[in-house]
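# Structural overview for review
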Amino acid sequence: MPVMIAPTSRHKLANPSGEIATARAASTCNTIMVLSISSTCTLEEVASCCNAVRFFQLCVYKRRDITAKLVQRAENNGYKAIVLTGDSPRHGGREADIKNKIIIPELKNVEGLLSTKIVADKGSNLDALANQTRDPSFSWEDIGWLKSITKLPILIKGLLTHEDALKALEVGAAGIIVSNHGGRQLDYCPPTISVLEEVVHAVGGKVPVFLDVGVRQGTDIFKAMALGAQAVLVGRPVLYGLAAKGENGVRRVLEMLKEELELTMALSGCSNVKEITRSHVRTKHDRQLLSLL
Ligand SMILES: Cc1cc2nc3c(=O)[nH]c(=O)nc-3n(C[C@H](O)[C@H](O)[C@H](O)COP(=O)(O)O)c2cc1C
Ligand SMILES: CCCCCCC(=O)C(=O)O
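Residues numbered from 1 in each chain as written. Chains lettered and ligands numbered in written order. Predicted model: local features only at pLDDT ≥ 70, side-chain atom pairs only at ≥ 80, totals over all residues.

### Concerning the site of ligand 1
The environment of ligand 1 is formed by 16 residues, the closest being Ser36, Thr85, Gly182, Gly235 and Arg236. Of the residues contributing to the shell around ligand 1, the split by class is 4 nonpolar, 9 polar and 3 charged. (Near = placed C-beta within 6 Å. Nonpolar A, V, L, I, M, F, W, Y, C, P; charged D, E, K, R; others polar.)

Pasting the structure below:
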């Protein structure tokens, strides 16, 4: 259940001397909820109690009819985009899940559609369920099928290279989410911030690029924006807020991120998110180039 934080450019945050002006944290960013297909409340329940802009995250099941039904339900319930997860043709090798005997959560969206009662002979039960239900053959060409069953824009989540970014453009993705799934799928994937710019350059402004994973402070949002992201997604911090203090904890996490972004902007001389530029950050690559001068 990531939350997407999309800084707006409508509000002046700091005067030219860097002093924080009157803008409130809440007005700095638009917050969008991305609901997982594996959520423990149905997408209808979430729609009925959440009037924020909502996107629906999709993994494609072997049962395409069930996948199509879920997409239809998302569309009927006011979800504004499909976030297609592209990095999970199989479930990652999660040894801790085996050791801790992870319990399969109640997957409310597929209740009555897919059986989730699985006992694995090896690996975790969650591994077995994911691998039995998901379609590992789903590929670029199949995005045409997805487009044929929905009018919603399709964002592709889980890309890390310029080659895949170009492919995503070719198949008509409406946006790209640079993500390594929080490091949960494959060890040694690069940190997303380190490949963001490669993707941004490949996309060349044709569709928005978003950064997922590792956003923990407002400075992380600022860095992502300086490197060309239009918004960031936040996963675990929201869950930590929820675990610590319920709904208020989630609210507080989001407020903190917004406040920290505003402060970073003010201290970097940016009175508006449009003023966050590439020159506000220096990467390892920049340093190498500078050392040649
Ligand atoms: C408990 C948990 C469940 C997740 N479930 C999904 C999921 O169902 N679909 C998906 O695409 N990503 C899922 N993710 C990955 C997140 O969407 C996201 O990519 C990642 O958590 C972002 O990194 P962060 O937690 O560092 O912000 C999950 C992550 C966590 C921690
Ligand atoms: C069959 C349910 C699988 C849920 C997997 C959720 C996920 O993507 C994760 O990273 O965990």
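### Some words on unusual backbone geometry
Unlike most non-glycine residues, histidine 181 shows phi in positive territory, near 65 degrees. As for its position among the elements, histidine 181 is in the loop between strand S6 (175–178) and helix H8 (192–203). Positive phi is not limited to glycine here, since valine 213 has a value of about 90 degrees. By the element assignment, valine 213 lies in the loop between strand S7 (209–212) and helix H9 (218–226). (Helix = DSSP H or I, 4+ residues; strand = E, 2+ residues; numbered from the N terminus.)

### Section: the pairing of strand S4 (residues 82–85)
Two faces make up the sheet, and in a regular strand the side chains alternate between them. Burial of S4 is two-sided: the residues Ile82 and Leu84 facing one way and the residues Val83 and Thr85 facing the other way are all buried. Bridging between strand S3 (residues 53–58) and S4 involves 3 bridges; their strand directions are parallel. Considered in S4, the bridge of leucine 58 is made with leucine 84. Handedness of the crossover is the feature at issue here: the chain leaves S3, passes through helix H3 (residues 64–76), returns alongside S4, and the resulting connection is right-handed. (Buried ≥ 20, exposed ≤ 12 C-beta atoms within 10 Å, placed from the backbone. Pairing = 2+ DSSP bridges. Right-handed = clockwise from strand over helix to strand, strands pointing away.)

### Remarks on the site of ligand 2
The local shell around ligand 2 consists of Ser38, Ser88, Leu126, Leu129, Ala130, Thr133, His181 and Arg184. Of the residues in the shell around ligand 2, the class split is 3 nonpolar, 4 polar and 1 charged.

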